[in-house]
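Residues per chain are reported as follows:
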Amino acid sequence: WEFNGSFYQPSAFLMMGIPGLEALHPWVSIPFCALYLSALLGNCVILFIIRRTPSLHEPMYYLLSMLAVTDLGLALCTLPTTLGLFWFGLRRIGFDACLTQMYFIHILSFFESSVLLAMAFDRFMAISHPLRHPAILTGSTVLKIGLAIVLRGMLSLLPIPFLLKRLTYCGKTELSHSFCFHPDIMNLACADIKVNVFYGMIILLSTVGMDFIFIVLSYILIIRTVVSLTTKEECLKALNTCVSHICAVLVFFIPMIGLSMIHRFGKNVPPLVNTLVAYTYLIIPPALNPVIYSIKSTHIREALLRALCRKR
């Protein structure tokens, strides 16, 4: 412990694995390894295919590349501590290291939410205004969107580590997960955390919450456009271009909303449920998104098959 008058701060936190399954952690690590491997290889393949295929050098696939980079970052943020805990029983993480990991986990989650919103806008323009779509969503526009996403996430979350660092901590140092999460650290403090709760709630609602609302509005407008199409084939063709994005949105937002609700209102929720929802939120989307887009996107699938044929 670091002592400074009445100010206490732990030198490290202790991470938790899956409650009740501590003795089975080496076996539990097998599906986690498979998910991490899928996330790393899948997103790297998506980036490689888009980079090597000139026909995919358009805004829709630039946004998909941004999503793949974000998913790689999320996987790499939690991989060292999660597998270190499951394989070697390494529970200890330094206080500053924990705050750093927490910052990058949250900032990458905000990036993913913003990229999914940008992809929803791309689908809306492509379906509702196909003639204006190439002129509005150019390569430079996508670059500006990417810079705006990065700046919004970095600046909005920058105060969070400092708000946690000013708190006094007492006694309990066990986290609920094998990674650092803002509500988890905040609840270990024995000081007044109203500022942290208020700021965290405001930032969550004004970023991820607004992103989700605008994604829903985009799909309401898309459905209005699709309904007005003359033939059933045109409707199905238009909706088919959105299926992979809808799956990515559901895979990301459902666990995130569930985890946020558990941390704020689910005091009586079993620890196992809390842990499983957290892992679903941070590990499943990076692992599934490449699979979803590889299966549903004809252009990605064809480019992947061409690359495999060339290797052979």
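Residues numbered from 1 in each chain as written. Predicted model: local features only at pLDDT ≥ 70, side-chain atom pairs only at ≥ 80, totals over all residues. Heavy atoms only, no water.

1. Let's talk about the pattern of salt bridges
- Inspection of the entire model under this criterion finds four salt bridges.
- The shortest N-O distance in the salt bridge between Lys165 and Asp96 comes to 2.7 Å. In this pair, Lys165 is assigned in helix 6 (residues 159-165) and Asp96 in helix 3 (residues 95-128), connecting sequence segments 69 residues apart.
- Lys165 gets classed as partly exposed once you look at its relative accessible area, which sits at 31%.
- Two residues, Asp122 and Arg123, come together in a salt bridge whose shortest N-O distance is 2.9 Å. Just as Asp122 is buried, Arg123 falls in that class too. (Salt bridge = Lys/Arg side-chain N within 4 Å of Asp/Glu carboxyl O. Helix = DSSP H or I, 4+ residues; strand = E, 2+ residues; numbered from the N terminus. Buried < 20%, exposed > 50% of the residue type's maximum accessible area, 1.4 Å probe, protein only.)

2. Comments concerning the side chain of Ser114
- Among the secondary structure elements, Ser114 is positioned in helix 3.
- Looking at Ser114, its side chain comes within polar contact range of the main-chain oxygen of Phe110, at 3.0 Å.
- Here Arg152 takes part through its side chain, which lies 2.5 Å from a polar atom of the side chain of Ser114.
- Contacts of Ser114, omitting those with residues within four sequence positions, involve Ile149, Arg152 and Asp211. (Polar contact = N/O pair within 3.5 Å; in protein donor to acceptor, adjacent residues only side chain to side chain. Contact = heavy atoms within 4.5 Å.)

3. Points about the UniProt feature "transmembrane region" (unreviewed entry) in the protein
- According to UniProt, the feature "transmembrane region" (unreviewed entry) maps to residues 24-50, 62-90, 102-121, 142-164, 197-222, 243-264 and 276-295 in the numbering used here.
- Annotation note: span residues 142-164, helix share 96%, strand share 0%, distance between end C-alpha atoms 34 Å.
- In residues 243-264, the share of helix is 100% and the share of strand is 0%. The end C-alpha atoms are 32 Å apart. (UniProt positions renumbered as here; feature names shortened; annotations may be inferred.)

4. Remarks on the packing of aromatic side chains
- Applying the stated criterion across every chain yields a total of 14 aromatic pairs.
- Seen from their ring centres, Phe252 and Phe253 are 5.0 Å apart, and the 85° between their planes marks the pair as edge-to-face. Per residue, the accessibility class of Phe252 equals that of Phe253, and both read buried.
- Taken together, the ring pairs in this structure connect Phe32, Phe86, Phe179, Phe181, Phe212, Phe252, Phe253, Tyr279 and Tyr281 into an aromatic cluster. (Phe/Tyr/Trp six-rings, centres within 6.5 Å; stacked < 30°, edge-to-face > 60°.)

5. A few points about the packing of helix 8 (residues 194-227) against helix 10 (residues 243-265)
- Interhelical geometry of helix 8 versus helix 10 gives an angle of 150° and a closest axis separation of 12 Å. If you check the angle between helix 8 and helix 10, you find them roughly antiparallel. Crossing of helix 8 over helix 10 shows left-handed handedness. Contacts from Gly200, Met201, Leu204, Val208, Phe212, Ile215 and Tyr219 in helix 8 reach His245, Ile246, Val249, Phe253, Met256, Ser260 and Arg264 in helix 10.
- The residue inventory of the contact of helix 8 with helix 10, partitioned by class, reads ten nonpolar, three polar and one charged. (Axes fitted to C-alpha atoms, helices over the stretch in contact; angles between N-to-C directions. Parallel < 35°, antiparallel > 145°, perpendicular 65-115°, else oblique. Left-handed = near helix turned anticlockwise from the far one by under 90°. Nonpolar A, V, L, I, M, F, W, Y, C, P; charged D, E, K, R; others polar.)

6. So, the nonpolar core
- Phe13, Leu64, Leu116, Leu164, Tyr169 and Ile185 are the most contacted members of the largest nonpolar core, which has 85 residues in total.
- Sorting elements by how many residues they give to this core places helix 3 first, with 18 residues.
- Residues within four places of Phe13 in sequence aside, it is in contact with Arg91, Arg92, Ile93, Phe95, Cys98, Tyr169, Thr173, Leu175, Ile185 and Leu188. (Core = buried A, V, L, I, M, F, W, Y, C linked by side-chain atoms within 4.5 Å.)

7. Looking at the state of the cysteines
- Overall, the coordinates contain one disulfide when judged by the stated rule.
- Put simply, Cys98 and Cys180 are joined by a disulfide, and their sulfur atoms are 1.9 Å apart. Taking the torsion about the S-S bond as the criterion, the Cys98 to Cys180 disulfide, at about -120°, is left-handed. Taken together, the residues span a long stretch of sequence, with Cys98 in helix 3 and Cys180 in the loop between helix 6 and helix 7 (182-186) at a distance of 82 residues.
- Accessibility expressed as a relative area gives 0% for Cys98, which makes it buried.
- Just so you know, Cys33 is unpaired, no disulfide at all, and the nearest cysteine sulfur is the one on Cys44, 17 Å from it. (Disulfide = S-S within 2.5 Å.)

8. Focus on the packing of helix 2 (residues 59-88) against helix 3
- Packing of helix 2 against helix 3 leaves a shortest axis separation of 9 Å and a crossing angle of 160°. In terms of orientation, helix 2 and helix 3 fall into the roughly antiparallel class. The interaxial crossing formed by helix 2 with helix 3 has left-handed handedness.
- A class-by-class count of the residues in the contact of helix 2 with helix 3 yields 16 nonpolar, six polar and four charged.

9. Focus: the environment of Leu282
- Along the chain, Leu282 falls in helix 11 (residues 271-296).
- With a relative accessible area of 1%, Leu282 lands in the buried category.
- For the pair formed by Leu282 and Ala75, sequence separation is 207 residues and the distance between their alpha carbons is 7.4 Å.

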